[in-house]
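Letter by letter, the chains look like this.
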Amino acid sequence: MAHLPVSEIQLADHFGPHLAYARGVRLECGVEPDKLVKTHCCFCGQQCGIQLKVKGNEVIGFEPWEEFPFNRGMLCPKGVKRYLQDSHPDRLTTALMRDPREPGGFRRTPYTDAIQATADAIAKLQSEHGSSAFAMLSGASLTTEKTYLMGKFARVCLKTPYIDYNGRLCMVSAGAANKKAFGIDRAANPWSDIIGTEVVWISGANVAECAPITTNYVWQAREQGAKIIVVDPRITPLARTCDLFLPVKPGRDIALFNGVLHLMIQNDWIDHKFIETHTVGFEAVAESVQSWTPAKTAEVTGIAERSIRQAAEWWGQASTSFLMHARGIEHHSHGVQNVLGAINIVLASGRIGRPQCGYATITGQANGQGGREHGQKCDQLPGMRDLSNPEHRAHIARIWDVSPDDLPGPGVDAYEIFRKIDQGEIRGLLSICFNPVVSLPDNDFIARMLDKLDFYVAIDFFLNDSAQHADIVLPGSLQEEDEGTVTQIEGRVIRINQAVDPPGDARQDWRIIQDIAAALKRPHGFTFTEPREIFDELRRASQGGIADYSGITYEKIEQQFGVFWPCPSEDHPGTLRLFEKGSDNPIARGNGPFYFPDGKARFNQADYTPPKEDVDAEFPIILTTGRVVSQFLSGTQTRRIGPLVDQYPEPRLEIHPQLAARLQIADGDWTTITSRRGEITLLALVVKSIRPDTVFIPYHWAGPLSVNRITIAAQDPISKIPEYKVCAVRLTKAAAPPDGRFERTASGLASNGKGGRSA
Ligand code: SF4
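Criteria and thresholds
Residues numbered from 1 in each chain as written. Predicted model: local features only at pLDDT ≥ 70, side-chain atom pairs only at ≥ 80, totals over all residues. Heavy atoms only, no water. Helix = DSSP H or I, 4+ residues; strand = E, 2+ residues; numbered from the N terminus. Pairing = 2+ DSSP bridges. Phe/Tyr/Trp six-rings, centres within 6.5 Å; stacked < 30°, edge-to-face > 60°. Buried < 20%, exposed > 50% of the residue type's maximum accessible area, 1.4 Å probe, protein only. Lys NZ or Arg CZ within 6 Å of the ring centre and 35° of its normal. 1 Å grid on protein atoms, 1.4 Å probe; cavity = no way out; pocket = protein on both sides within 12 Å on 5 of 7 lines; lining within 4 Å. Points joined across faces, edges and corners; volume = space filled by probe spheres on them. Nonpolar A, V, L, I, M, F, W, Y, C, P; charged D, E, K, R; others polar. UniProt positions renumbered as here; feature names shortened; annotations may be inferred. Axes fitted to C-alpha atoms, helices over the stretch in contact; angles between N-to-C directions. Parallel < 35°, antiparallel > 145°, perpendicular 65-115°, else oblique. Left-handed = near helix turned anticlockwise from the far one by under 90°. Contact = heavy atoms within 4.5 Å. Near = heavy atom within 4 Å. Sits in = over half its atoms within 2 Å of the grid points.

Under the annotation held in an unreviewed UniProt entry, the protein chain carries the name Assimilatory nitrate reductase catalytic subunit and is attributed to Caulifigura coniformis.

> Can you walk me through unusual backbone geometry in this structure?
Glycine aside, a negative phi is what most residues show, and trans is what most peptide bonds show. The omega angle of the peptide bond from Gly16 to Pro17 is 15 degrees, so this bond is cis rather than trans. Along the polypeptide, Pro17 turns up in the loop between helix H1 (8–15) and strand E1 (35–40). Going from Trp565 to Pro566, the amide bond is cis rather than trans, its omega being 0 degrees. Relative to the helices and strands, Pro566 is located in the loop between strand E21 (563–564) and strand E22 (601–602).

> Can you walk me through the sheet that holds strand E20 (residues 492–496) in this structure?
Paired through backbone hydrogen bonds, the strands of a sheet run either parallel or antiparallel to each other. On the basis of which strands lie adjacent, the open sheet formed by three strands has the order E19-E20-E21 and antiparallel pairing. Where the open sheet ends on each side, the last strands, each with one partner, are strand E19 (484–487) and E21. When E19 meets E20, the two strands line up antiparallel, connected through four bridges. Considered in E20, the bridge of Val486 is made with Ile494.

> Quick question: what am I supposed to make of the packing of aromatic side chains here?
Remark: the centre distance and the inter-plane angle together describe each pair of aromatic rings, the angle taken between the planes. Summed over all chains, the structure comprises 25 aromatic pairs. Ring geometry for Tyr148 against Trp400: centres 6.2 Å apart, planes inclined by 70 degrees, an arrangement best described as edge-to-face. In this pair, Tyr148 sits in helix H4 (residues 144–157) while Trp400 sits in helix H15 (residues 390–400), placing the two residues 252 residues apart along the sequence. For the pair formed by Tyr148 and Trp400, the shared burial category is buried. Ring geometry for Phe182 versus Phe594: centroids 5.9 Å apart, planes at 20 degrees, classification stacked. Of this pair, Phe182 sits in helix H5 (residues 172–182) while Phe594 sits in the loop between E21 and E22, placing them 412 residues apart in sequence. By relative accessible area, Phe594 is classed as buried at 1%. Clustering of aromatic rings is evident, with ring pairs tying together Phe182, Phe274, Tyr359, Phe579, Phe594 and Tyr595. The ring of Trp315 is capped by Arg351, whose NZ or CZ atom sits 4.7 Å from the centre of that ring. The residue whose ring lies beneath Arg495 is Tyr554, and the NZ or CZ to ring-centre distance is 4.0 Å.

> Hey, could you run me through the layout of surface pockets in this one?
In this approach a probe as big as a water molecule rolls over the atoms, and the regions it shows empty are the leftover space. The volume enclosed by the second largest pocket comes to roughly 450 Å³. Along its surface, the second largest pocket is lined by 21 residues, and Arg168, Lys179, Lys377, Asp379 and Ile718 are the ones closest to its centre. Mapped by element, the contributors of at least two residues to the lining of the second largest pocket are H5 and strand E15 (385–386). The biggest single contributor to the lining of the second largest pocket is H5, with five residues. Class assignment for the residues of the lining of the second largest pocket results in six nonpolar, four polar and eleven charged.

> Which parts of the structure should I look at to understand empty space enclosed by the protein?
Summed over the entire model, instances satisfying the criterion amount to two cavities of 30 Å³ or more. By volume, the second largest cavity is sized at about 90 Å³. As for the second largest cavity, its lining consists of Cys41, Phe43, Cys44, Gln46, Gln47, Cys48, Leu75, Cys76, Lys78, Gly79, Pro212 and Ile213. Among the secondary structure elements, those contributing two or more residues to the lining of the second largest cavity are helix H2 (77–81) and helix H7 (212–223).

> Would you explain the UniProt feature "domain: 4Fe-4S Mo/W bis-MGD-type" (unreviewed entry) in the protein chain in this entry?
Mapped onto this numbering, the UniProt entry gives "domain: 4Fe-4S Mo/W bis-MGD-type" (unreviewed entry) at residues 34–90. Taken end to end, residues 34–90 is 9% helix and 35% strand, and its first and last C-alpha atoms sit 25 Å apart.

> Help me understand the packing of helix H8 (residues 253–266) against helix H12 (residues 305–317), please; the structure alone is not making it clear to me.
The axes of two packed helices give the description: the angle between them and the distance between them. Two numbers describe how H8 lies on H12: the axes approach to 9 Å, and their chain directions differ by 60 degrees. In this view, H8 runs oblique relative to H12, as classed from their interaxial angle. Remark: the crossing between H8 and H12 carries right-handed chirality. For the pair formed by H8 and H12, the contact residues are Leu256, Val260, Leu263 and Met264 on the first element and Ile308, Arg309, Ala312, Trp315 and Gly316 on the second. For the contact of H8 with H12, the residue count by class is seven nonpolar, one polar and one charged.

> Mind showing me how you'd approach the sheet that holds strand E13 (residues 357–361) here?
In space, the five strands of this open sheet follow the order E10-E9-E8-E12-E13, with parallel pairing throughout. Lying at the two open borders of the sheet, with one neighbouring strand each, are strand E10 (244–246) and E13. Across the sheet, the axes of successive neighbouring strands diverge by a mean angle of 10 degrees, strand direction being ignored. By the bridge criterion, five bridges tie strand E8 (residues 199–203) to strand E12 (residues 321–325) in an arrangement that is parallel. Of the residues in E12, the one forming a bridge with Val200 is Phe322. Strands in contact with H12 are E8, strand E9 (227–231), E10 and E12; relative to E10, the strand with the most contacts, it is inclined by about 125 degrees.

> Is there a simple way to explain the environment of Pro110 in this structure?
Inspection of the secondary structure puts Pro110 in the loop between strand E5 (106–109) and helix H3 (111–129). Between the C-alpha atom of Pro110 and that of Leu96, which follows or precedes it by 14 residues, the distance is 8.4 Å.

> Could you clarify how one ought to interpret the side chain of Arg82 in this entry?
Assignment of secondary structure puts Arg82 in the loop between H2 and strand E4 (95–98). Beyond its immediate chain neighbours, meaning those up to four positions away, Arg82 contacts His40, Cys41, Cys42, Phe43, Ile50, Leu52, Gln479, Glu480 and Ile641.

> Even after reading the chapter, I still don't get the packing of H8 against helix H14 (residues 335–349), so can you show me in this structure?
Two numbers describe how H8 lies on H14: the axes approach to 8 Å, and their chain directions differ by 20 degrees. The angle between H8 and H14 places the two elements in the roughly parallel class. For the pair H8 and H14, the crossing hand works out as left-handed. Where H8 approaches H14, its residues Asp253, Ile254, Phe257, Val260, Leu261 and Met264 are matched on the opposing element by Gln337, Asn338, Gly341, Ala342, Asn344, Ile345, Ala348 and Ser349. Tallied by class, the residues present in the contact of H8 with H14 amount to eight nonpolar, five polar and one charged.

> Hey, could you run me through the site of the ligand in this one?
Around the ligand, the structure places Cys41, Phe43, Cys44, Gln46, Gln47, Cys48, Leu75, Cys76, Lys78, Gly79, Pro212 and Ile213. The cavity that encloses the ligand is the second largest cavity. Those elements that place two or more of their residues in the shell around the ligand are H2 and H7.

> How do you make sense of the environment of Ile122 when you look at a structure like this?
Mapped onto the fold, Ile122 is located in helix H3. In this structure the C-alpha to C-alpha distance between Ile122 and Tyr456, which are 334 residues apart in sequence, comes to 9.5 Å. In contact with Ile122, not counting residues within four places along its chain, are Phe134, Leu158, Phe455, Ile516 and Leu520.

Here you go:
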């Protein structure tokens, strides 16, 4: 088992997760805040506008920001309680050095000593094993300025090809498919285009829990007469109010899209003029879906034939529509193919690039969009440029004042970085805004790999589950302690405003990175004094690229409630809607609206293949995973916010009554879920809202409660996204809770057994 400096329970005693509730000044209604700071929620990709109430150097509450157009003051439970992460008892306020003699496993260390020790360890490791022996893992909740700096730091300061980010677990299948079909990776339409459409199609997106404010757009569309089609293995909260629910068997989405396209072609519900004028590749795709009759589609997907026909008829005959999808179709070993299948039915309809004719993926993380545009991906340079393209390398090298020959080539995806640790090729790691020991599949392997490293430094504001394995932890910044920009779900670049200063020795993350560069005696290019300077360099770096931010300024963002990229000049208002008739882009140069030299979108054949690990006699049940509304990603923040934990304290196994009865499992029974990777034991939650052949577990918890101990590390061959949405398991009723499960007691946390992973 993985090696921590002290036991999990000792770590939890010192570093949490402890629960924060509103107390003291936060409960006193009469207290006047010193200021209200207009900014955005720190959690999901919708980036709702919010006003933080600040008293002294503390966020004491919030008020709605009703003018911000996306959410008009509305927030979900996470947004309402997000202020409780500020002044949290678990907040890291000093640097930490691993020290098993300390009761908490870490010794508090002066910041400058920790920075120098980090630089010395990196320099030693790179001089002995080469630059590429050190890797970086970054995150898509960082501001765009920071993501830009991370990519530059890896390539210019550390000279390593090995940097990737946790968007690899999120939006990359959609990004890769969008680039294949449209040549650009951004939501095609603003969310206001959802309202007034005739049909809203939602595939693999638990909108009400994962993107709650989008529910309001869908319901407004419904109130104006739209038909709502939801495709999901579970009757999600939004599905309960839809017009047509298609309960797809996990891993079979391509079959459904192909079956719908088959019916569209058969009934001539396609836009011939659009296809002829604006696309290529339709004939080959039409031929490829010939075999997808309604009967065959029903057999593969598990959806009734009449429902498939009804969906095709509504979609095919509509004159306006909006198709959205999310991780439900993207987290697959054929995630890119799934998305291409969805895009094919959009292109065949001709309904894109016009008001109320929309298509988008629903981004997950706060900066899920901006975080995948400016160079922290393993193969990318700023502006969505390609690290293997000589012209792109030359442009960025000029901005960075280095030789193009000095820029490393493309690296590998986040999971592959761990395989390279296993092979001994990578021996050192810096992580920020990434908690791989919870969020990557087969995560006992990930924990072992962290402990195999010669040197691991983590930057974070709480000691997350991965940072517990680190040699050095540097205290970074909460979202409200820094400023910058993020790009939200629609492609709108918005401002994050600083509300409070980092406490104690904690520093803004970009300062920490620059301090390491200085301690390494490689400061060239890392002497920014504020985020605005980083943004100005990013603007120049992105100029002429697909994700062109060169015309965006902090002032313009404030004036316009955000600026939609591309925005190629300061007098350009930004691009609200992509692919509009007559719209220009730097790739097509007037030949058409899509981002290819001929200006045409691409149909792509989307062939059905079963999941990498389908059910069999030994593991006869499908496991799928996802989120709950009160938690976010690996739970580093939300598992520390009392009211959110109270709302849904720990993961449950959702199981249909038929399957539960067959296995003699009752609601509330401890149930062991076993896959080829291992097993976990959770309480059963018997619900009618799931297919009888499938069980569901949310993924926000660590250790014995982590579903990613049993998920499969299969990946999409193009996007490298892991297959979180399907693997095969068996279930058995358990006699007792698992060892190592923490119980909450009046005095804090206590282990119920032997203590999980050992010290
Ligand atoms: S988590 Fe998302 S939906 Fe909820 S308040 Fe924050 S940004 Fe809005």
